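# A closer look at the structure
Chain residues, written in single-letter form:
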Amino acid sequence: MGSLPDPGELTHPPPQSFDDFQRQTSLMTSCTLLWKELTDHFSSLEQDLIRKSDALKEKFDALNNETELTLNALDTRESSISKSMSIVFETLEKTTKMSVDSGDEVPEVDNSEGLFMKLTSYCRKMAAKPFWIFVTSRKKELELFRSELPKALSGCVDPPRFVLEAISEVFPVASSNSSSYDLGWACVLLLESLIPVMVDPVLGKERMLVTPSIKGKAEEIAETWKKSLEERGGIENVKTPDVHTFLQHLVTFGIVKSEDVDLYRKLVVASAWRKQMPKLAVSLGLGDKMPDMIEELIGRGQQVDAVHFTYEVGLVNKFPPVPLLRAFLKDAKKAATSILEDPNNSGRAAFMAAKKEQSAIRAVLKCIEEYKLEAEFPPEHLKKRLEQLEKAKIEKKKPSSPAAKRTRASTGGPMPPAKAGRSTNAYVSSFPSPPTYIHTQYPTAVPAYPTVYGNRSPSYATYSPEAPPPTIVGSYPVSPVSFPGYAGYSNGMAPAYQQAYY
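Conventions and cut-offs
Residues numbered from 1 in each chain as written. Predicted model: local features only at pLDDT ≥ 70, side-chain atom pairs only at ≥ 80, totals over all residues. Heavy atoms only, no water. Helix = DSSP H or I, 4+ residues; strand = E, 2+ residues; numbered from the N terminus. Buried < 20%, exposed > 50% of the residue type's maximum accessible area, 1.4 Å probe, protein only. Contact = heavy atoms within 4.5 Å. Areas by Shrake-Rupley, 256 points an atom, 1.4 Å probe, with all protein chains shown as cover. Core = buried A, V, L, I, M, F, W, Y, C linked by side-chain atoms within 4.5 Å. Salt bridge = Lys/Arg side-chain N within 4 Å of Asp/Glu carboxyl O. Patch = residues over 30% accessible without salt bridge, like charges linked within 9 Å, V, L, I, M, F, W, Y side chains within 5 Å. Lys, Arg positive; Asp, Glu negative; His and termini not counted. Charge placed at Lys NZ, Arg CZ, Asp CG, Glu CD. Axes fitted to C-alpha atoms, helices over the stretch in contact; angles between N-to-C directions. Left-handed = near helix turned anticlockwise from the far one by under 90°. Nonpolar A, V, L, I, M, F, W, Y, C, P; charged D, E, K, R; others polar. Phe/Tyr/Trp six-rings, centres within 6.5 Å; stacked < 30°, edge-to-face > 60°.

The helix and strand tally for the protein chain stands at 15 helices and two strands. Within the protein chain, buried positions represent 30% of all 502 residues. Look at the contacts in the protein chain between residues 6 or more apart in sequence, and 64% of them connect residues 24 or more apart. Roughly 34000 Å² of accessible area belongs to the protein chain as shown, and the carbon and sulfur atoms make up 57% of that amount.

Glancing now at the environment of G301. Among the secondary structure elements, G301 is positioned in the loop between α11 (290–299) and α12 (303–313). Overall, G301 belongs to the partly exposed group, its relative accessible area being 30%. Taking the C-alpha atoms as reference, G301 lies 9.2 Å from A332; in sequence the two are 31 residues apart.

Let's shift gears to unusual backbone geometry. Note on backbone geometry: most residues besides glycine have negative phi, and most peptide bonds are trans. Each neighbour pair has its own omega, and for F171 with P172 the value is 10°, a cis peptide bond. Along the polypeptide, P172 turns up in the loop between α5 (159–167) and α6 (184–198). The phi dihedral of K372 falls on the positive side, at around 55°, and the residue is not glycine.

Tracing the backbone shows H249 in helix α8 (residues 240–253). Exposure remark for H249: the relative accessible area of 0% places this residue in the buried category.

With that settled, the discussion passes to the nonpolar core. Of all hydrophobic cores here, the largest spans 86 residues; its most connected members are F131, L247, F253 and F309. Leaving out residues up to four positions away in the same chain, L247 has contacts with Y264, L267, V268, M277, L280 and L284.

Within the secondary structure, V163 sits in helix α5. For V163, a relative accessible area of 0% gives the class buried. When the C-alpha positions of V163 and C187 are compared, they lie 8.7 Å apart, and in sequence the two are 24 residues distant. Apart from the residues lying within four places of it in its own chain, the contact partners of V163 are L153, L190, L191 and L194.

Turning to the pattern of salt bridges, a few remarks are in order. Between side chains of opposite charge, pairing is possible as soon as their charged atoms come close. Tallied over the full model, the rule gives 17 salt bridges. Here R362 and E390 are joined by a salt bridge, their closest N and O atoms 2.4 Å apart. Here the residue R362 occupies a position in helix α14 (residues 349–370), and E390 occupies one in helix α15 (residues 380–397), the gap between them amounting to 28 residues. For R362, a relative accessible area of 40% translates into the label partly exposed.

Together, E369, E370, E374 and E380 give the surface a local cluster of negative charge. In this structure, E370 sits in helix α14.

Of the positions making up α12, those classed as buried are Q303, V304, D305, A306, V307, F309 and T310. Against α9 (261–270), α10 (277–283), α11, α13 (321–340) and α14 lie the buried residues of α12.

So, on to the packing of α9 against α11. To describe two helices that pack against each other, one gives the angle between their axes and the distance between the axes. Put simply, α9 and α11 touch, their axes get as near as 11 Å, and they point 35° apart. Note on packing geometry: the crossing formed by α9 with α11 is right-handed. Mapping the contact onto sequence places R265, V268 and V269 in α9 and D292, M293, E296 and L297 in α11. Class assignment of the residues belonging to the contact of α9 with α11 gives a composition of four nonpolar, no polar and three charged.

Inspection of the secondary structure puts T310 in helix α12. Under the relative-accessibility criterion, T310 is labelled buried at 0%. Once you skip the residues sitting within four places of it in the chain, T310 turns out to touch I294, L315, V316 and F319.

Applying the stated criterion to the full structure yields five aromatic pairs. Centre to centre, the rings of W225 and F246 are 4.1 Å apart; their planes meet at 10°, and the pair counts as stacked. On the criterion of sequence distance, the pair formed by W225 in helix α7 (residues 212–231) and F246 in helix α8 is long-range, its members being 21 residues apart. Exposure class is identical for W225 and F246. Each is buried. Ring geometry for Y311 and Y371: centres 4.0 Å apart, planes at 10°, overall stacked. Of this pair, Y311 sits in helix α12 while Y371 sits in the loop between α14 and α15, and the two are 60 residues apart along the sequence. Clustering of aromatic rings is evident, with ring pairs tying together Y122, F134 and F145.

Right, dumping it as structure tokens:
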């Protein structure tokens with residue numbers, strides 16, 4: 001007989017618990033979030049693809065436009081070659097004919113027209129050496145040369161070759177038989193004047209008319225100059241005119257090299273005080289390095305030069321000029337004060353300090369005038385200070401009054417200067433003052449010391465104002481000793497003065 005079921009026992013499986021329900025809910029939530037994350041990810045990828053596609057399309061359009069412009073420029077240059085060549089050939093034929101017709105005539109130089117004719121005569125004959133001698137001997141006519149040289153060089157058969165031959169006396173390395181002292185100005189002048197002559201008559205500065213052979217020669221000259229830097233002791237020991245000539249040479253012939261940019265930067269900073277340096281720096285491709293160069297100039301105390309560079313590249317807002325000029329004046333004042341306090345330079349300290357301050361004030365006034373900074377930096381105070389310094393300088397140069405002259409007690413005649421420094425040709429000895437000599441009157445049988453040993457003391461035993469001067473046997477090259485009774489005038493020897501050293 002079977003057992004009966006327990007009424008409390010469940011015959012069906014138990015329902016799902018609440019924990020299982022929560023697990024299912026969490027799983028659904030995770031799936032929903034994952035789906036949303038994937039959807040966002042794919043949407044982001046789609047947006048990135050769209051943006052990249054648009055950017056590529058813009059670049060493609062820009063490249064198409066640039067290619068079209070380049071092709072048009074090439075077509076223009078190609079079509080202009082025949083026209084430019086015809087103009088050049090006509091000019092060359094005309095120049096050659098005028099060179100032949102001119103003969104050996106050398107016009108006189110009495111005015112600007114005569115100067116131009118003289119320059120043209122040399123250029124037409126391609127007489128580079130006489131042309132160089134003529135230009136370097138007339139530095140006072142520099143401004144006249146600036147206006148006449150480009151026109152004269154246009155009469156050359158080959159202007160670039162002519163200029164390179166002319167400056168070869170001193171650049172890249174001075175020849176042994178030439179005096180290269182301060183002739184950089186002439187080299188820079190000729191190289192600057194050559195630029196308008198070499199421009200294409202149709203395209204202008206977009207194309208320079210330089211033959212490959214001349215350009216190659218210009219590059220060789222530049223390399224020779226760079227190699228000579230080591231022989232001269234580096235950039236620090238190279239003269240500024242040489243640096244200016246080299247940089248102008250690069251710009252004129254268009255042979256700037258990107259691998260030499262650091263060298264160009266160092267050269268420009270070292271010669272930043274030159275007026276043309278800011279423009280040369282831009283032409284050398286240093287525009288992106290200008291902020292660092294300006295900061296370096298400020299750190300070196302060359303605030304005025306920094307102002308010129310800021311205006312050249314348009315960085316006035318980043319480097320305001322007025323604070324720089326005020327800092328420059330402050331530094332100059334400190335330098336002048338240090339000169340006055342220098343015990344080793346007490347003789348000319350006041351003069352040198354005033355000169356230092358005057359130079360600084362003039363440089364700042366010129367800068368204010370050039371860049372129209374009067375509203376921000378009124379120059380009246382500086383002008384007044386400059387007048388005070390000039391007035392003090394003039395007063396120091398005034399001669400003393402005649403009443404203040406010292407006179408000789410015995411004869412009433414004028415005494416020599418109380419100090420050697422009052423005479424422009426006075427001898428200033430660097431030796432200590434001589435000891436006081438006690439002269440004893442010897443008998444006449446005892447002869448005086450022979451002058452060959454340098455005895456500069458007069459013989460008191462035989463001295464007479466009417467006696468003739470003793471015969472000088474020899475001399476000893478030491479400082480003459482002045483005696484109170486004679487003052488170097490009655491010792492029978494002419495006083496040997498020399499220029500005083502300070």
